[in-house]
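# Structural characterization, general
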Amino acid sequence: MWQAHEVAARLRAALSLPEEGVALEIIRTSGDMSQASGAALVGGKGAFTKELDEAMLESRIDLAVHSAKDMPTAFPDGIDIIGYLPREDVRDCLISARYSRIEDLPQNAHVGTASLRRAALVKRIRPDIRTAVLRGNVETRLRKSADGEVDATMLALAGLKRLGLADKAAAILPLDTFPPALGQGAVSITARTGDERAIKAVAAIACVDTGLALLTERAFLKKLDGSCRTPIAGYATVKDGLISFSGMYLSDDGQRSFSASAQGLASDAEALGRKAAEDILAVLPADLRTGAA
């Protein structure tokens, strides 16, 4: 909801529109309902986009707003990503009432997370840690951690900042040991293919550098056939027309990890992401190839 309101507010400001000039349509997705009920997530990343895609194709909405890290690597025919808001901090943070470092957690500590990436990364640092699924929105997960249901959990710093809850972070996790999900911290906007009115409107608020970074990250993810059932991490940065990318593929228990990096011109964004993925695929054991091409 924060993301949708932010996009609407930026559109109104950029296009000098009145309040009613950008209307919000609230749509609960399969992913939202799975999290709310505590059920296992069905459908992978597409569980967070399916209902919005349907509304778009039926012309009930003109734009859809998503967390970029929830976006599948392929869309239904007729829908495209047309822009991103300027990216927030990509890092994860540790949430714990008693501990400020993963290394300080007690032996066999109980860490809650619904992310296979976070579970693999925390076990990479501390193989003794036990992980369990912890679902719900940000406030729910903060409450469960504070109530002692788990010794710790991890959340995206971007989400805490946007909700004014950054002070709840016990520690910000360093990128070299705890790289983020592809797309983390970015808000993506989709529209119907060829909808020039929507494309022109979003161009007024879109961040070009964020778009280039996400082009790289999504190419990496697509080549590895990544989903929320695959522990994959990485991020790209853009500066002065150059892209620097670092990516990682992990086993579920975090004990095996494979990294690759790429640097080059922003005009080669997709190729850089694919190249990094190919470097990992060249050394990835057969038992870890869960659909990787």
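Located above this text is the structure these notes cover.
Description of the structure in this document. (Residues numbered from 1 in each chain as written. Predicted model: local features only at pLDDT ≥ 70, side-chain atom pairs only at ≥ 80, totals over all residues. Heavy atoms only, no water.)

### Quick look at the sheet that holds strand β8 (residues 187–192)
By way of backbone hydrogen bonds, the strands of a sheet pair with one another, either parallel or antiparallel. Taken in spatial order, the three strands make up an open sheet running β1-β8-β2, and their pairing is antiparallel. Among the strands making up the open sheet, the edge pair consists of β1 (63–67) and β2 (79–84). Taken over all neighbouring pairs, the strand axes of this sheet differ in orientation by 35° on average, direction set aside. Here β2 pairs with β8 via five bridges, running antiparallel. Directly across from D80, in β8, lies its bridge partner A191. (Pairing = 2+ DSSP bridges. Helix = DSSP H or I, 4+ residues; strand = E, 2+ residues; numbered from the N terminus. Axes fitted to C-alpha atoms, helices over the stretch in contact; angles between N-to-C directions.)

### Description of helix α1 (residues 2–15)
Because the α-helix completes a turn every 3.6 residues, residues three or four places apart line up on one side. If you check α1, its first and last C-alpha atoms are 20 Å apart, about what 14 residues at 1.5 Å a residue would give, namely 20 Å. Within the span of α1, buried status applies to Q3, V7, A8, L11 and R12. Residues of α1 that are buried make contact with β1, α6 (157–162), β8 and α7 (196–203). Positive phi shows up at S16, right after α1, with a value of about 55°. (Expected span 1.5 Å × (residues − 1). Buried < 20%, exposed > 50% of the residue type's maximum accessible area, 1.4 Å probe, protein only. Contact = heavy atoms within 4.5 Å.)

### Quick word on the sheet that holds strand β4 (residues 110–112)
Pairing is mixed across the open sheet formed by five strands, whose spatial order is β5-β4-β6-β3-β7. A single partner strand is all that each edge strand has here, and the edge strands are β5 (130–132) and β7 (171–172). Note: strand β3 (residues 92–95) against strand β6 (residues 152–156), four bridges, orientation antiparallel. Paired with C93 across the two strands is L155, which belongs to β6. Of the strands in this sheet, β3, β5 and β6 are in contact with helix α4 (residues 116–125), which crosses β6 at around 125°. In the packing of helix α5 (residues 138–146) onto the sheet, contacts are made with β3 and β6, and the angle to β6 comes to roughly 160°.

### Section: the environment of L142
Along the chain, L142 turns up in helix α5. The class for L142 is buried, based on a relative accessible area of 13%. Between the C-alpha atoms of L142 and L173, which are 31 residues apart in sequence, the distance is 17 Å. Residues in contact with L142, not counting those within four places in the same chain, are I95, L155, L160, L165 and K168.

### Here's the deal with the pairing of β6
β6 sits mainly inside the fold: five of its five residues count as buried. Here β4 pairs with β6 via two bridges, running parallel. Looking across to β6, one finds that V111 is bridged to A152.

### Here we look at helix α3 (residues 50–57)
Three or more residues of α3 are buried, namely E51, L52, D53, A55 and M56. Directly after α3, the chain includes S59, whose backbone phi takes a positive value near 60°.

### Section: the pattern of salt bridges
This model, assessed by the stated rule, comprises 18 salt bridges. Note that E217 is salt-bridged to R87, the shortest N-O span being 2.8 Å. Note that E217 is positioned in helix α8 (residues 208–223) and R87 in the loop between β2 and β3, a separation of 130 residues in sequence. Using a relative accessible area of 0% as the deciding quantity, one classes E217 as buried. The salt bridge partner of D279 is K275, with a shortest N-O separation of 2.9 Å. One end of the pair, D279, and the other, K275, are both in helix α9 (residues 269–281), four residues apart, so they sit about a helical turn from each other. Salt bridges sharing common partners tie together E88, D89, R91 and K161. (Salt bridge = Lys/Arg side-chain N within 4 Å of Asp/Glu carboxyl O.)

### Notes on the side chain of T190
If you trace the backbone, T190 turns up in strand β8. Excluding its chain neighbours within four sequence positions, the residues that come into contact with T190 are M56, D62, L63, A64, H66, M71, F75, I79, D80, I81 and I82.

### Section: the packing of α8 against α9
The packing of two helices is summarised by the inter-axis angle and the distance between the axes. Taken N-terminus to C-terminus, the directions of α8 and α9 make an angle of 35°; their axes are 7 Å apart at the nearest point. When the axes of α8 and α9 are compared, the crossing they make is right-handed. Contacts between α8 and α9 involve L212, L215, T216, A219, F220 and K223 on the former and, on the latter, A269, E270, L272, G273, R274, A276, A277, E278, I280 and L281. Within the contact of α8 with α9, the residues separate by chemical class into 10 nonpolar, two polar and four charged. (Left-handed = near helix turned anticlockwise from the far one by under 90°. Nonpolar A, V, L, I, M, F, W, Y, C, P; charged D, E, K, R; others polar.)

### Considering the side chain of Q3
Looking at the element boundaries, Q3 is found in helix α1. Once residues within four sequence positions are removed from consideration, Q3 is found in contact with V65, H66, S67, R162 and V187.

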